[in-house]
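# Observations on the model geometry
What follows is the residue order along each chain.
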Amino acid sequence: MANKNRQKFLSGQSLVEVVVSVGIAVMLAISLITTSLITQKSSRSARNNSQATKLVQQTLEQLRVFRDRKGFDSLPDTPTTAWYCLNTTNSDPTAWILDTSCSTTQTITLANMNFTRKIEFIDNGSQKKLITITVSWDESGQTRLIKSQTFLSLWQDF
C-alpha cells in the first residue's frame, strides 16, 4: 500500500513539473517574440535614418552640380527664407529646375517609404548662400527628420 501512495505522489509531482515547464516555455516564447519585434522596429528606424541621410547628402551634391553647371547666379537670390524644390528627373544637370512650385515640400519615395524634402536658401551676401536641407518621414506615429546646413559659394573666384 505504501508503494501505491508513493506512485500517486510521484505522478502528481510530474504534473506540477509539466505545468511549471509549460509556463516557463510560454514566458520564454513571449520574450523572444517581443525581442524580435523590438529588433525589427530598430532595424527599420536605422534604415529610414540612413536613407534620409543619403538623400540629404545627394541633394547637397546635386545643388553643387546645379551651381557648377548653371552658375552661382542661378541659385535663388532671396533676402529672406523660402522653400525650394529641385527637379532632377532629366539626366542632364543643365535641364534641372529649382523652383517654389512644390508648395514647401517635395515627396520622394525610397524603399517603400515616403520622405519629404525641403530646400531653403538664405542669401548671406553676393559670394555665398546658406543652404538648409531637411528630410522628414513618418515613423511609428512620429515625424522624424534629418537636417543639414552648408554654404555654397562662388568658388571660382577664390
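Cut-offs applied
Residues numbered from 1 in each chain as written. Predicted model: local features only at pLDDT ≥ 70, side-chain atom pairs only at ≥ 80, totals over all residues. Heavy atoms only, no water. Pairing = 2+ DSSP bridges. Helix = DSSP H or I, 4+ residues; strand = E, 2+ residues; numbered from the N terminus. Salt bridge = Lys/Arg side-chain N within 4 Å of Asp/Glu carboxyl O. Buried < 20%, exposed > 50% of the residue type's maximum accessible area, 1.4 Å probe, protein only. pLDDT = per-residue confidence, 0-100. Core = buried A, V, L, I, M, F, W, Y, C linked by side-chain atoms within 4.5 Å.

## Quick word on the pairing of strand S6 (residues 142-153)
As judged from the twelve bridges shared by strand S5 (residues 128-139) and S6, these two strands associate in the antiparallel manner. When the sheet's bridge partners are listed, Thr132 is paired in S6 with Gln149.

## What to know about unusual backbone geometry
What is expected of a backbone is that most residues other than glycine have negative phi and most peptide bonds are trans. Even without a glycine there, the phi angle at Ser140 is positive, about 55°. Mapped onto the elements, Ser140 comes out in the loop between S5 and S6.

## Section: the pattern of salt bridges
One pass over the structure, following the stated rule, counts three salt bridges. Between Asp68 and Arg67 there is a salt bridge whose closest N-O contact spans 3.0 Å. Under the relative-accessibility criterion, Asp68 is labelled partly exposed at 37%. In this structure Arg67 comes out as buried when scored by relative accessible area, which is 9%. Here Glu139 makes a salt bridge to Arg144, at a shortest N to O gap of 3.7 Å. The exposure class assigned to Glu139 is buried, which follows from its relative accessible area of 7%.

## Section: the confidence of the model for the protein chain
For the protein chain, per-residue confidence averages 83 on the pLDDT scale, and 84% of positions sit at 70 or higher. Mean pLDDT across the secondary structure elements of the protein chain bottoms out at strand S1 (residues 83-87), with 81, and peaks at S6, with 91.

## Focus on the nonpolar core
Looking at soluble globular proteins, one finds that nonpolar side chains tend to be buried together. Core analysis: the largest hydrophobic core is formed by 23 residues, its most contacted members being Leu63, Leu98 and Phe121. When contributions to this core are tallied by element, the ones reaching two or more residues are helix H1 (2-70), S1, strand S4 (113-123), S5 and S6. Broken down by element, this core gets its largest block of residues, six residues, from H1.

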